[in-house]
Amino acid sequence: MSTQMKPQQPKQKENAIARYFDFNGLGTNMRTEFIAGMTTFFAMAYILFVNPNTLAEAGMDAGAVFGATALVAIIGSVTMGLLANYPIALAPGMGLNAFFAYSVVIGMGIPWETALSGVLVSGLVFMVLTASGIRETIINAIPEPLKMAVAAGIGLFIAFIGLKTGGIVVANEATLVSLGNLGQGTTLLAVFGLVISAILMTRGIKGAIFFGMIITAIAGMIFGLIPVPSGLGEIVSAPPSIAPTFGQAFLHFNEIFTVQMAVVILTFFFVDFFDTAGTLVAVANQAGLIKDNKVPRAGRALIADSTATVAGSILGTSTTVSYIESSAGVAAGGRSGMTAIVTGLFFGLALFFSPLLAVITAPVTAPALIIVGVLMASSLLQIDWKKFEYAVPAFLTVIMMPLTYSIATGIAFGFLFYPITMIAKGRAKEVHPIMYAMSLGFLAYFIWLH
């Protein structure tokens, strides 16, 4: 009997995992989830280098921030996967790290230690509101046309980032933006990656975005556009110490009780709230997880997000958010929380193999972001453009995200105009009271903080 039981144990373990993450119900499997998690990791791995460089401008230790970035990505992504069963990975947010460094520390003259205390408080407030169910209620109060517009707008925003980081679109004083130098090697590499990824996607290849990045990276190394690792020292490295930043948020907690810090905390909270809400709606919609215009387990997903922000502030980094690059993993087939867990495990490996990540440069990730933008733009089909009361706020939501380089600003414009057009149409009673409250909040935001 005992000899018959041993071969069955691995199968039982695999089935337990499949049951927990509902692989059958979501139409996925371990192989697909692994590829999806790896794809998400490579799509957002740039944060491991961008975040330390940005926060170093505020006087923080770059090595410590690198370690904190990887650790909070592990904590946030694994928590999201286990608690909410969503294929959404987390890491310190782009935009919020710039606000932290350039506006708060450099602009306002607030020490980075005190700024971390502000991040901690915003995360705790987030957690309380989430536990009370208020955040989930707010997200479910958002009308479907605006949810679809948020998803499409984030897609355009991500595509614009890809075009910019790939050098395909560049700044221009006369026209704001223009076509980049297509004769430049790195730009050509990004274009090559876009062509390869588009072909693989068109052919219906599973994991096309991930394989597109791999092929692009290999091509970059062949033509000398990406450094080729040579020797063990350029592949493996010991994780850097986080001692210079760890716990500073607690040590300077008594310095947050000022009007200036109140504004900072509100801004951290505001941007994180709507960036996360937008990302959750966008990724859930892309994965086909939205039911009856509601996001299932939204409360759990938001708890994971706020927990990660608190953890990140303690470790030593700016606000942690749900990453829209998770949509790259969804496009590769990811549907369950296992995708997020795999992404978190890759961030764990990144602590020891950070030199190897040098091959995942901007031209490699840019095509993936552009393809994701194409996929997310499909949400535009679900908006009834013939109804002008929907068309105006939806269009402003979509267009303002890339034009202002801010997801939150795009949401703000759409939410401001939605009650106006609905009232003008004589449909004021159909607008949820929460939407009226949020529109007034956005108005105050623009007047007060801008």
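Residues numbered from 1 in each chain as written. Predicted model: local features only at pLDDT ≥ 70, side-chain atom pairs only at ≥ 80, totals over all residues. Heavy atoms only, no water.

Going by an unreviewed UniProt entry, the chain carries the name NCS2 family permease and comes from Exiguobacterium antarcticum. The Subcellular location (unreviewed entry) comment attached to the chain in UniProt states, word for word, "Cell membrane". According to the UniProt record, the Sequence similarities (unreviewed entry) comment for the chain is "Belongs to the nucleobase:cation symporter-2 (NCS2) (TC 2.A.40) family. Azg-like subfamily." (UniProt positions renumbered as here; feature names shortened; annotations may be inferred.)

Participant: Please give an account of the pattern of salt bridges that cites residues and values.
Facilitator: Scanning the model with the defined rule gives two salt bridges in all. Salt bridges linked by common partners bring Glu389, Arg427 and Glu430 together as one network. (Salt bridge = Lys/Arg side-chain N within 4 Å of Asp/Glu carboxyl O.)

Participant: Before we move on, can you summarise the pairing of strand β2 (residues 169–172) with the specific residues and values?
Facilitator: The pairing of β2 with strand β3 (residues 176–179) spans four bridges and is antiparallel. Paired with Val169 across the bridge in β3 is Leu179. Turn length for the β2-β3 hairpin, with the two strands adjacent in sequence and antiparallel, is three residues. (Pairing = 2+ DSSP bridges. Helix = DSSP H or I, 4+ residues; strand = E, 2+ residues; numbered from the N terminus.)

Participant: Go over unusual backbone geometry, please, and point to the residues and values.
Facilitator: Located in the positive-phi region is Asn85, a residue other than glycine, with phi close to 55°. A relative accessible area of 12% means that Asn85 is categorised as buried. The phi dihedral of Arg297 falls on the positive side, at around 55°, and the residue is not glycine. On the secondary structure map, Arg297 appears in the loop between α14 (259–286) and α15 (298–315). Exposure remark for Arg297: the relative accessible area of 33% places this residue in the partly exposed category. (Buried < 20%, exposed > 50% of the residue type's maximum accessible area, 1.4 Å probe, protein only.)

Participant: Before we move on, can you summarise the confidence of the model for the chain with the specific residues and values?
Facilitator: With 93% of its residues at a pLDDT of 70 or more, the chain has an overall mean of 86. Note that residues 1–13 has pLDDT below 50 and, in this model, zero contacts with residues that lie over four places away or in other chains. (pLDDT = per-residue confidence, 0-100. Contact = heavy atoms within 4.5 Å.)

Participant: Requested: an account of the packing of aromatic side chains, with residues and values cited.
Facilitator: Scanning all chains against the criterion turns up nine aromatic pairs. Both rings, one in Phe253 and one in Phe257, keep their centres 6.4 Å apart while their planes meet at 80°; by these two values the pair is edge-to-face. On the accessibility criterion, Phe253 (30% relative accessible area) is partly exposed. Classification of Phe257 by relative accessible area gives exposed; the value is 65%. The aromatic ring of Tyr86 is capped on one face by Arg297, whose charged end is 4.7 Å from the ring centroid. (Phe/Tyr/Trp six-rings, centres within 6.5 Å; stacked < 30°, edge-to-face > 60°. Lys NZ or Arg CZ within 6 Å of the ring centre and 35° of its normal.)

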